[in-house]
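# Understanding the architecture of this molecule
This is what each chain is made of:
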Amino acid sequence: MLHGLPGVDRVGAEQRAAMLGTRSIKTTAKAEAIDLAIRMVDLTTLEGADTPGKVRALCAKARRPEADCPPVAAVCVYPAMVPAAAEALRGSGVHLASVATAFPSGQAPLEVKLADTRAAVAAGADEIDMVISRGAFLAGRYDLVHDEIVAVKEACGDAHLKVILETGELGDYDNVRRASWLAMDAGADFIKTSTGKVPSAATPPVTLIMLEAVRDWFAQTGRRIGVKPAGGIRTSKDAIKYLVMVNETAGPEWLTPDLFRFGASTLLNDLLMQRAKLRTGHYSGPDYVTLD
Amino acid sequence: MFEYAPAPESRSIVDLAPSYGLFIDGEFAAPADGGVFKTVNPATEEVLSEVSVAGPADVDRAVAAARRAFAGWSALPGAARAKYLYRIARIVQERSRELAVLESLDNGKPIREARDVDLPLVAAHFFYYAGWADKLAYAGYGTTPLGVVGQVIPWNFPLLMLAWKIAPALATGNTVVLKPAETTPLSALFFADVCRQAELPPGVVNIVTGAGDTGRTLVEHPDVNKVAFTGSTEVGRQIARSVAGTGKRVTLELGGKAANIVFDDAPIDQAVEGIVNGIFFNQGHVCCAGSRLLVQENVYDEVLDSLKRRMAQLRVGDPLDKNTDIGAINSSVQLERVRALAAVGEQEGERWSPPCELPGQGFWFAPTIFTGVSQTHRIAREEVFGPVLAVLTFRTPAEAVEKANNTPYGLSAGIWSEKGSRILAVADKLRAGVVWANTFNRFDPASPFGGYKESGYGREGGRHGLEAYLA
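Residues numbered from 1 in each chain as written. Chains lettered and ligands numbered in written order. Predicted model: local features only at pLDDT ≥ 70, side-chain atom pairs only at ≥ 80, totals over all residues. Heavy atoms only, no water.

Put simply, the test is: UniProt positions are given in the numbering used here, feature names are shortened, and annotations may be inferred rather than shown by experiment.
Going by what an unreviewed UniProt entry lists, chain B is known as Aldehyde dehydrogenase and is assigned to Spirilliplanes yamanashiensis. Turning to chain B, the UniProt record has this under Sequence similarities (unreviewed entry): "Belongs to the aldehyde dehydrogenase family."

For chain A, an unreviewed UniProt entry supplies the name Deoxyribose-phosphate aldolase and the organism Spirilliplanes yamanashiensis. Per its UniProt entry, chain A bears the Sequence similarities (unreviewed entry) comment "Belongs to the DeoC/FbaB aldolase family. DeoC type 2 subfamily."

### Here's the deal with the overall build of chain B
The following threshold applies: Numbering of helices and strands runs from the N terminus; a helix is a DSSP stretch of H or I covering at least four residues, while a strand is a stretch of E covering at least two. Computation of the radius of gyration draws on C-alpha atoms alone. For the globule rule, the value is 2.2 Å times the number of residues to the power 0.38. Here's how the labels work: a residue is buried when its accessible area is under 20% of the maximum for its type, exposed when over 50%, partly exposed in between, all with a 1.4 Å probe on protein chains only. Contact definition: two residues touch when any of their heavy atoms are within 4.5 Å. To measure how exposed things are, a 1.4 Å probe is used in the Shrake-Rupley method; for residues, cover is taken only from the protein chains shown. Neither His nor the chain ends contribute to the count of charged residues, in which Lys and Arg are positive and Asp and Glu negative. Every charge is mapped onto a representative atom, which is NZ of Lys, CZ of Arg, CG of Asp or CD of Glu.
Each helix and strand counted, chain B has 14 helices and 18 strands in total. Relative to the compact-globule value of 23 Å for 471 residues, chain B shows a C-alpha radius of gyration of 22 Å, a close match. Here chain B holds 471 residues, and the buried ones make up 63% of them. For chain B, long-range pairs separated by at least 24 residues make up 76% of all intrachain contacts whose partners lie at least 6 apart in sequence. Looking at chain B as shown, the accessible area adds up to about 16600 Å², and 51% of this sits on carbon and sulfur atoms. In chain B, 46 side chains carry a positive charge and 53 a negative one; their mean positions are 5 Å apart.

### A few points about the nonpolar core
Let me state the cut-off plainly: Among buried residues, the Ala, Val, Leu, Ile, Met, Phe, Trp, Tyr and Cys ones that are joined through side-chain atoms within 4.5 Å form a nonpolar core.
Of all hydrophobic cores here, the largest spans 110 residues; its most connected members are F126, L162 and F191 of chain B. Not counting residues within four places of it along the chain, the set of residues in contact with F191 of chain B comprises I88, F126, L159, L162, I166 and V205 of chain B. Among the nonpolar cores identified, the runner-up in size contains 99 residues, and L161, V206 and F262 of chain A together with Y4 of chain B belong to it.

### Focus: the UniProt feature "domain: Aldehyde dehydrogenase" (unreviewed entry) in chain B
UniProt annotation of "domain: Aldehyde dehydrogenase" (unreviewed entry) refers to residues 35–470 of chain B when read in the numbering used here. With 42% helix and 16% strand, the stretch residues 35–470 of chain B has end C-alpha atoms that lie 35 Å from each other.

### Brief notes about the interface of chain A and chain B
For the record, the criterion: Buried area is calculated as the accessible area (1.4 Å probe) missing from two parts once they are joined, with the contributions of both summed. By salt bridge we mean one thing: a side-chain nitrogen of Lys or Arg within 4 Å of a carboxyl oxygen of Asp or Glu. Identification of polar contacts relies on pairs of N or O atoms within 3.5 Å, with a donor-acceptor requirement for protein atoms, meaning one able to donate a hydrogen and the other able to accept it, and with residues adjacent in sequence counted only if both atoms are side-chain atoms. Classification used: nonpolar for Ala, Val, Leu, Ile, Met, Phe, Trp, Tyr, Cys and Pro, charged for Asp, Glu, Lys and Arg, polar for all others including Gly.
Listed per partner, the contact involves 31 residues of chain A and 26 residues of chain B. Buried surface at the junction of chain A and chain B, both sides included, amounts to about 2300 Å², of which 46% is carbon and sulfur. In this structure, the connection of chain A to chain B is made through four salt bridges. The salt bridge involving R177 of chain A is made with D269 of chain B; its shortest N-O contact spans 2.5 Å. Summed over the shared surface of chain A and chain B, the number is 10 residue pairs in polar contact (both at pLDDT 80 or more). At the level of elements, helix 1 (10–20), helix 2 (27–39), helix 8 (173–185), helix 9 (204–221) and helix 10 (236–249) of chain A are the ones that each hand at least two residues to the side of chain A that touches chain B. For the side of chain A that touches chain B, the element with the most residues is helix 1 of chain A, which contributes six residues. Class assignment of the residues belonging to the side of chain A that touches chain B gives a composition of 12 nonpolar, nine polar and 10 charged.

### Re helix 5 (residues 110–122) of chain A
Residues and elements named next belong to chain A. Rules: Expected helix span is computed as 1.5 Å times (number of residues minus one). By arc we mean the arc of the directions from the helix axis to the C-beta atoms, nothing more.
In this model, helix 5 (13 residues) spans 18 Å end to end at C-alpha, consistent with the 18 Å of a helix rising 1.5 Å per residue. Buried within helix 5 we find K113, L114, T117 and A120. For helix 5, the angular spread of the buried residues around the axis is 130°, confining them to a single face. Residues of helix 5 that are exposed and point more than 90 degrees away from the buried face comprise E111 and A122. The secondary structure elements touched by the buried residues of helix 5 are helix 4 (82–89), strand 3 (95–100), strand 4 (127–131) and helix 7 (142–156). G124 sits one or two residues past helix 5 and shows a positive phi near 120°.

### Some remarks on the sheet that holds strand 1 (residues 19–20) of chain B
All names here are of chain B. Let me state the cut-off plainly: For two strands to count as paired, DSSP must find a minimum of two bridges between them.
The strand order across the open sheet formed by three strands is 1-5-4, and the pairing between neighbours is mixed. Strand pairing shows two members of the sheet lacking a second neighbour, strand 1 and strand 4 (36–40), which therefore form its edges. Pairing of strand 4 with strand 5 (residues 47–52), which is carried by five bridges, proceeds in the antiparallel orientation. Opposite T39, over in strand 5, you have S49 as the bridge partner.

### Considering the pattern of salt bridges
Inspection of every chain in the model, using the stated rule, returns 47 salt bridges over all chains. For R23 of chain A, the salt bridge identified is with D325 of chain B, shortest N-O distance 3.0 Å. Highlighted residues: R23 of chain A in the loop between helix 1 and helix 2 and D325 of chain B in the loop between helix 10 (300–311) and helix 11 (332–348), drawn from two different chains. As far as burial versus exposure is concerned, R23 of chain A and D325 of chain B are alike and both buried. Through salt bridges that share partners, D42, E127, D129, K162, K192, K228 and R261 of chain A make up one connected network.

### What to know about the pairing of strand 6 (residues 148–152) of chain B
When a strand is regular, its side chains alternate between the sheet's two faces. All names here are of chain B. For clarity, the threshold we go by: Orient the strands so they point away from the viewer, and a crossover whose first-strand-to-second-strand path over the helix runs clockwise is right-handed.
Judged by how many residues are buried, strand 6 sits mostly within the fold: five of five residues are covered. Burial of strand 6 is two-sided: the residues V148, G150 and V152 facing one way and the residues V149 and Q151 facing the other way are all buried. Relative to strand 7 (residues 175–179), strand 6 is paired through five bridges, and the arrangement is parallel. The residue bridging G150 from the neighbouring strand is V177, located in strand 7. Once the chain exits strand 6 it traverses helix 5 (residues 158–171) before rejoining the sheet at strand 7, and the crossover so formed is right-handed.

### Quick word on the side chain of T117 of chain A
Among the structural elements, T117 of chain A can be located in helix 5. Ignoring any residue separated from it by four or fewer positions in sequence, one finds T117 of chain A in contact with A100, T101, I128, V152, A155 and C156 of chain A.

### Points about the environment of F126 of chain B
All names here are of chain B. By the secondary structure assignment, F126 is in helix 4 (residues 111–132). Given the relative accessible area of 0%, F126 is considered buried. Between the C-alpha atoms of F126 and R90, which are 36 residues apart in sequence, the distance is 8.9 Å. Dropping the residues within four chain positions of it, F126 is found in contact with L85, I88, A89, L162, A163, I166, A167 and F191.

### A few points about the UniProt feature "active site" (unreviewed entry) in chain B
All names here are of chain B. The UniProt record annotates "active site" (unreviewed entry) at E253. A relative accessible area of 4% means that E253 is categorised as buried. Setting aside residues up to four positions removed in sequence, E253 forms contacts with W164, F229, T230, G231, C287, L411, F449, S455 and E460.

### Overview of the sheet that holds strand 13 (residues 350–352) of chain B
Residues and elements named next belong to chain B. Heads up, the condition is: Between the N-to-C directions of two axes lies an angle of 0 to 180 degrees, each axis being a line fitted to C-alpha atoms and, for a helix, fitted only over the stretch in contact.
One open sheet holds the seven strands; their spatial order is 13-14-15-12-11-16-17, and the pairing between them is mixed. Bordering the open sheet on either side are strand 13 and strand 17 (434–437), each of which pairs with just one other strand. Shown here is a sheet whose adjacent strand axes are inclined to one another by a mean of 20°, direction ignored. Relative to strand 15 (residues 388–394), strand 14 (residues 368–371) is paired through three bridges, and the arrangement is parallel. In the sheet register, F370 faces strand 15, and the bridge partner there is A390. Of the strands in this sheet, strand 11 (259–262), strand 12 (292–296), strand 13, strand 14 and strand 15 touch helix 10, which is tilted by about 160° from strand 14. Against the sheet, helix 13 (residues 420–429) makes contact with strand 11, strand 16 (412–416) and strand 17, and its axis sits at roughly 160° relative to strand 16, the strand it touches most.

In structure tokens:
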């Protein structure tokens, strides 16, 4: 099935993504887009140096980024940090996402990946960001990748499953499309571009192709799958370009935190600064947003 | 729903005079018999400015000025001519926002296209031919210029067509009298100012405005050595007739009815973009527009559904809004022509347009496709020169080639397939001057452009483009 998908012409896809990046989003449209983008942020910290204290600070930011500001969609942490985050987010409505399945490489036995997933869910994560086995995918062992996703989905129970394709390691856009279909077929609730741990993370063309995939999947199955670009999206301007792409590719139905997320850490502060600028008419400067 | 707030480009950057004279011998001058006409913004029908009508006496003065300038200009070393062309290219870049807004105002095209396509290509063309000016000996067409060149250009890409004409003519040492289209004279008049700013010697470039009569006077002027024309096949025929036997050299770039062929192994999403870009770019006012879509039958439904979904997203409206995809039809005359052919199409095939609200003022036509069209239908044979696409199907590559070539035109064609061998085999059989593979309406100054059959003769662009201006 995967090799029967229409190919992707690299030049054309990049041209389309670039064209959508020229849309000019101003005034009221910009204000709405910024608030929507804030509500779509998966505020992320995935460092070896993370501590419960650091995670609690991030959760406080997630619940109320600033006065009169909607909360972000979720906080995204390593499994070991889930208990602290669960505690800090209790009752806030902010989702708790945990990476799992031997993030970021995915190079571990399946039992370890499943145990990783179950532990995160048991500790309070209601969203799991898994990685696919890129090695198996590139070797053409699609069935193995598929079965792993199915198994992880089962281990998730009620938790939502985001499948990280790590597009920077897939080689070309045809593979991005194939991996997207593979993940959706195996039961993904979201498809996500990247771990943020390899040099090439989310790019507009990759996200475009994934948005086309969820659009086509919906046309075939009636099921809407979410998309999450992650890594490298740092400015409001970039975030708005992604929203334009969602709007004009998958369609406005996808413009909700239930179906589109930004995996980001520094993006939120830029969104807050732009938000303040639109409200007050001037830049207050980086000292007026919190570094968490 | 994500509504984009209006994002209009400011028009204050363009300083329009209430009236313009003719640019002859480095000066703006009133026409001898004082004739004027108005040029309007096709998006609003607002009068932009009054422009002079060049009569026979004016054309005579312009040709004489070009003749006087020819001796000095052609005697300059190529590197010295290049210096002026580089200067013009840089000034165009510096003034590109102003020129883009002006082009959008006078033509009706979206500012996004004027800004991202027209103006960068204008500058690129001057840069490109500036590079050739001192290397003519290596081009293989001799180094002797022809003399005074009479050039008549259309309204679809006013400044870009001017660049296509003037850049190679000047690089090769010719001098120019150019007549812009009646409905879009302003950017050529602003270009005259660019020439002055670049300190181009007087008379090397002369701009005479007016309608068909002015063009005819220029083309038939006995002291013009070469005629270059871009426009309709009908006028091209008249020109060919009028210069027959005079010894004048002619190049003609005329109409087209390009086939855009989508095979079942095409990258469908990009093909749909290419179809949209092929026919709706510049409101379909493109001689090489992909106005006949040929889709392989086994992917017809998939392609059509995607195309309709994509067309529903096209943003039709204020050309100066940076988010507009489709602007205004250039003139009421053209709008009538598009409407008339669409009415014919309606009797032949099934008409479809996405729901879109057209502005009340100005000249507007919704993007339209006709399905169920056959080769025999007029909508599949005649050039509409508007945002109207005829959709046909085919079963085999041989049938695709046969249908694509079954037209009196032969300017361009497109092939969509992920299979390299198929692209090469089909491209080889298509009788069209330009064949695009997995893209459409892509232009580059280094690539020659021109037609087969009734799409004209001669090539513009690239090394080949020098031939038309050298003896």
